[in-house]
Amino acid sequence: MEQIIELWQQASLDESRMDSLYNKEDLIPVIIQLEKKQQRLLRFKTLSILILLPALLIVFFNGSNITLNSTVGLGIFLCSVITVVVLLNRLRFQITLEERSLSTLQLAGIAEHKINNERKLITGYLPLFVIVALAGFNLMYLDFFTDEEPATRILYHVVMTGSLVLAFVAGLSLRIRRFHKQFLPVLARIKKFKSESEK
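From a predicted model like this one, the values you see are computed outputs, not experimental measurements.

(A) Main features of a positive patch on the surface. Taken together, the side chains of K37, R40, R43 and K181 make up a positively charged region of the molecular surface. You can see K181 is positioned in helix α6 (residues 150–197).

In structure tokens:
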């Protein structure tokens, strides 16, 4: 445990030492600052999901009749959520200490690639997995309203699905605005720097 703490402290010292090598006007500190913001945000999101998932499982097992459909639906829903968490951590905008030691031009190219990955995550992967999660969620509760009239059951599913879709659209809109505000200015500076370096 002491060795782990020492490694963690050493990594923090190395990171601080690496930050001090650059002037505030340089491109590299801007990229590193963006990476730190995204790291804090991702920690918050991951923690929120880890709190909400057990709560959802408790509600599911206490309030529903466990059937094959509900079990399969729960599995689909959990797999989609876990996949999103893994993708967020793997594709997030992250600059390693090794990458920070590269030249500004090399780091600019790496940062540009990672920003494009962030765009791909927002516009491609997240909507796809939300659709899968919605299918699993509806399957979870397919047998929950069996005592209700067909019209009432349809209404329940429409309301639940609509609420989740609205929540997703609101979250996606917020993420897109944040991307435009935080990532696009950095991307523009990277492209300008690369263009000037090629002259």
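Right, picking up where we left off after that structure.
(B) Expanded view of the nonpolar core. Ranked by internal contacts, the top residues of the largest apolar core, which has 19 residues, are I31, F93, I115, F183, V186 and I190. Setting aside chain neighbours within four positions, we find I190 in contact with L27, I31, A108, A111, E112 and I115. In terms of nonpolar packing, the next biggest core, distinct from the first, is built from 10 residues, V81, F137, M140 and Y141 among them.

(C) Just the packing of aromatic side chains, in detail. Evaluation of the coordinates by the stated rule reveals three aromatic pairs. An angle of 50 degrees between the planes, with centres 6.0 Å apart, marks the rings of F77 and F137 as tilted. Of the two residues, F77 is situated in helix α3 (residues 68–91) and F137 in helix α5 (residues 104–140); the sequence distance between them amounts to 60 residues. Take F77 and F137: they sit in the same class, and that class is buried.

(D) Spotlight on the environment of Q182. One can find Q182 in helix α6. Linking Q182 and L34, residues 148 residues apart in sequence, is a C-alpha distance of 7.2 Å. Apart from residues no more than four positions distant in its own chain, Q182 is found in contact with L34 and Q38. At 2.6 Å, the side chain of Q182 and the side chain of Q38 are in polar contact.

(E) Spatial organisation of the pattern of salt bridges. Scanning the entire structure with this criterion turns up three salt bridges. Between K114 and E99 there is a salt bridge; the shortest N-O distance is 2.8 Å. Taken as a pair, K114 in helix α5 and E99 in helix α4 (residues 97–100) lie far apart in primary sequence, 15 residues in all. Overall, K114 belongs to the buried group, its relative accessible area being 16%. A salt bridge links E118 to R175; the shortest N-O distance between them is 2.9 Å. Highlighted residues: E118 in helix α5 and R175 in helix α6, separated in sequence by 57 residues.

(F) Structural context of α6. If you check α6, its first and last C-alpha atoms are 66 Å apart, about what 48 residues at 1.5 Å a residue would give, namely 70 Å. Its axis deflected by about 35 degrees at F183, α6 carries its strongest bend there, up to four residues before the proline P185. Listed as buried for α6 are H157, L172, R175, R178, F179, F183, V186, L187 and I190.

(G) Representation of the environment of K120 in the model. With respect to the helices and strands, K120 occurs in helix α5. Residues K120 and L91, 29 residues apart in the sequence, show an inter-C-alpha distance of 9.3 Å.

(H) Just the side chain of E112, in detail. Inspection of the secondary structure assignment puts E112 in helix α5. Not counting the four nearest positions on each side in its chain, E112 is found in contact with L187, I190, K191 and K194.

(I) Representation of the packing of α3 against α5 within the structure. As a packed pair, α3 and α5 sit with axes 7 Å apart at the nearest point and diverge in direction by 165 degrees. The angle between the axes of α3 and α5 places the two elements in the roughly antiparallel class. You can see that α3 and α5 cross each other, and the crossing is left-handed. Residues that form the contact of α3 with α5 fall into these classes: 17 nonpolar, seven polar and one charged.

Parameters and conventions
- Residue numbers run consecutively from 1 along every chain, following the written order of its sequence.
- Given that the model is predicted, a residue must reach a pLDDT of at least 70 before its local features are reported, and side-chain atom pairs must reach 80 or more before they are shown or counted; all residues, however, enter totals for whole chains, interfaces and linings.
- Computation of side-chain values covers all heavy atoms of the structure but excludes hydrogens and water.
- Patch membership requires over 30% relative accessible area and the absence of a salt bridge. Like charges are linked within 9 Å, and nonpolar side chains (Val, Leu, Ile, Met, Phe, Trp, Tyr) within 5 Å.
- In this description, accessible areas are obtained by the Shrake-Rupley approach with a 1.4 Å probe, and a residue is regarded as covered only by the protein chains that are shown.
- A pairing counts as a salt bridge when a side-chain nitrogen of Lys or Arg comes within 4 Å of a carboxyl oxygen of Asp or Glu.
- For the purpose of counting charges, residues Lys and Arg are taken to be positive, whereas Asp and Glu are taken to be negative. His and the chain ends are not included.
- Each charge is placed at NZ for Lys, CZ for Arg, CG for Asp and CD for Glu.
- Put simply, DSSP marks the helices as runs of H or I at least four residues long and the strands as runs of E at least two long, and each gets a number from the N terminus on.
- In these notes, a set of buried Ala, Val, Leu, Ile, Met, Phe, Trp, Tyr and Cys residues joined through side-chain atoms within 4.5 Å is what counts as a nonpolar core.
- The cut-offs for exposure are 20% and 50% of the maximum accessible area for each residue type, with area from a 1.4 Å probe on protein chains only; residues under the lower value are buried, those over the upper are exposed, and the others partly exposed.
- When checking whether two residues touch, look at their non-hydrogen atoms; a contact exists if any pair is within 4.5 Å.
- Under the pairing criterion, centres of Phe, Tyr and Trp rings, with the six-membered ring standing for Trp, must be within 6.5 Å; the plane angle then separates stacked pairs below 30 degrees from edge-to-face pairs above 60, leaving the rest tilted.
- Distance and chemistry together define a polar contact, namely a pair of N or O atoms within 3.5 Å, with one atom able to donate a hydrogen and the other to accept it when in protein, and with adjacent residues in sequence counting only for side-chain atoms on both sides.
- Expected helix span is computed as 1.5 Å times (number of residues minus one).
- The angle separating two fitted axes, one through the seven residues that finish at a residue and one through the seven that start at it, defines the bend at that residue.
- All axes are obtained by fitting lines to C-alpha atoms, using only the stretch in contact for helices, and the reported angles, taken between N-to-C directions, cover 0 to 180 degrees.
- The scheme is simple: roughly parallel for angles under 35 degrees, roughly antiparallel for over 145, roughly perpendicular for 65 to 115, oblique for anything else.
- By definition, turning the near helix anticlockwise from the far helix through less than a right angle yields a left-handed crossing, and turning it clockwise yields a right-handed one.
- Polar here means any residue outside two lists: the nonpolar Ala, Val, Leu, Ile, Met, Phe, Trp, Tyr, Cys and Pro, and the charged Asp, Glu, Lys and Arg; Gly therefore counts as polar.

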